[in-house]
Amino acid sequence: VQLQASGGGLVQAGASLRLSCAASGRTFSSYSMGWFRQAPGKEREFVAVITRGGGTLVVGSVKGRFTISRDNAKNTVYLQMNSLKVEDTAVYYCAARGSVSTIPKEYDYWGRGTLVTVSS
């Protein structure tokens, strides 16, 4: 499966963005989809994941602000980001895996990242 993330940009703190990740292929619904981010000088970290059945998990630092969702008819997973903070600045990546995981190296497919910059 090929993944393409989009929707990043430069926003002020407190603003919202919605990231999208479009997947190719007809088996999108069989994958758990994750969002990860990597800030300059830091390791890639887990942000959110949605299972094949629609169950979701988000990291504590974004809980209540970020929501992950998927539209299997459109082969797309979304990350709605509200109340953005300067510390959310990072390149955001989507990834696909057969079963749910929060560990980046366990993911089989990755899209190119999309940059989110939050200014104060």
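Structure shown above.
About the thresholds
- Residues numbered from 1 in each chain as written.
- Predicted model: local features only at pLDDT ≥ 70, side-chain atom pairs only at ≥ 80, totals over all residues.
- Heavy atoms only, no water.
- Helix = DSSP H or I, 4+ residues; strand = E, 2+ residues; numbered from the N terminus.
- Rg over C-alpha atoms; globule rule 2.2 N^0.38 Å.
- Buried < 20%, exposed > 50% of the residue type's maximum accessible area, 1.4 Å probe, protein only.
- Contact = heavy atoms within 4.5 Å.
- Areas by Shrake-Rupley, 256 points an atom, 1.4 Å probe, with all protein chains shown as cover.
- Lys, Arg positive; Asp, Glu negative; His and termini not counted.
- Charge placed at Lys NZ, Arg CZ, Asp CG, Glu CD.
- Disulfide = S-S within 2.5 Å.
- Salt bridge = Lys/Arg side-chain N within 4 Å of Asp/Glu carboxyl O.

Chemist: Looking at this structure, how should I read the overall build of the protein chain?
Modeler: Within the protein chain one finds zero helices and eleven strands. Written out in order from the N terminus, the α and β elements of the protein chain read β-β-β-β-β-β-β-β-β-β-β. Taking 120 residues into account, the globule formula puts the C-alpha radius of gyration at 14 Å, and the protein chain, at 13 Å, falls close to it. On the principal axes, the C-alpha backbone points of the protein chain span a range of 40 × 25 × 25 Å. Out of the 120 residues in the protein chain, the part that is buried amounts to 41%. Of the contacts formed within the protein chain by residues at least 6 apart in sequence, a portion of 57% connects residues at least 24 apart. Accessible area of the protein chain: about 6200 Å², with a carbon and sulfur share of 48%. When the 14 basic and 7 acidic side-chain charges of the protein chain are each reduced to a single mean position, those positions are 5 Å apart.

Chemist: Sorry if this is basic, but what is going on with the environment of Val-58 here?
Modeler: In this structure, Val-58 sits in strand β6 (residues 56-58). Those residues in contact with Val-58 that lie beyond four places of it in its chain are Phe-46, Val-47, Ala-48, Lys-63 and Phe-66.

Chemist: Is there a simple way to think about the state of the cysteines in this case?
Modeler: Should the sulfur atoms of two cysteines be covalently bonded, the bond is a disulfide. Applying the stated criterion across every chain, the model contains one disulfide. The residue that forms a disulfide with Cys-21 is Cys-94, at a sulfur-sulfur distance of 2.0 Å. Taking the sign of the S-S torsion, 65° for the link of Cys-21 and Cys-94, the bridge is right-handed. Taken together, the residues Cys-21 in strand β3 (residues 17-23) and Cys-94 in strand β9 (residues 90-97) connect sequence positions 73 residues apart. With relative accessibility at 0%, the residue Cys-21 sits in the buried group. With a relative accessible area of 0%, Cys-94 lands in the buried category.

Chemist: How do you make sense of the pattern of salt bridges when you look at a structure like this?
Modeler: Charged atoms that come close allow side chains of opposite charge to pair. Within this structure, the stated rule accounts for four salt bridges. In this structure, Arg-37 and Asp-88 form a salt bridge, with 2.9 Å as the shortest nitrogen-oxygen distance. Separated by 51 residues along the polypeptide, Arg-37 in strand β4 (residues 32-38) and Asp-88 in the loop between β8 (76-81) and β9 bring together distant segments of the chain. The pair Arg-37 / Asp-88 is uniform in exposure class, with both members buried. One salt bridge connects Asp-88 with Arg-65, and the closest N-O pair in it is separated by 2.7 Å. One end of the pair, Asp-88, is in the loop between β8 and β9; the other, Arg-65, is in the loop between β6 and β7 (66-71), and 23 residues separate them in sequence. Residue Asp-88 is classed as buried on the basis of its relative accessible area of 1%. Its relative accessible area of 10% is what places Arg-65 among the buried residues. Within the structure, one salt-bridge network assembled from shared partners comprises Arg-37, Glu-45, Arg-65 and Asp-88.

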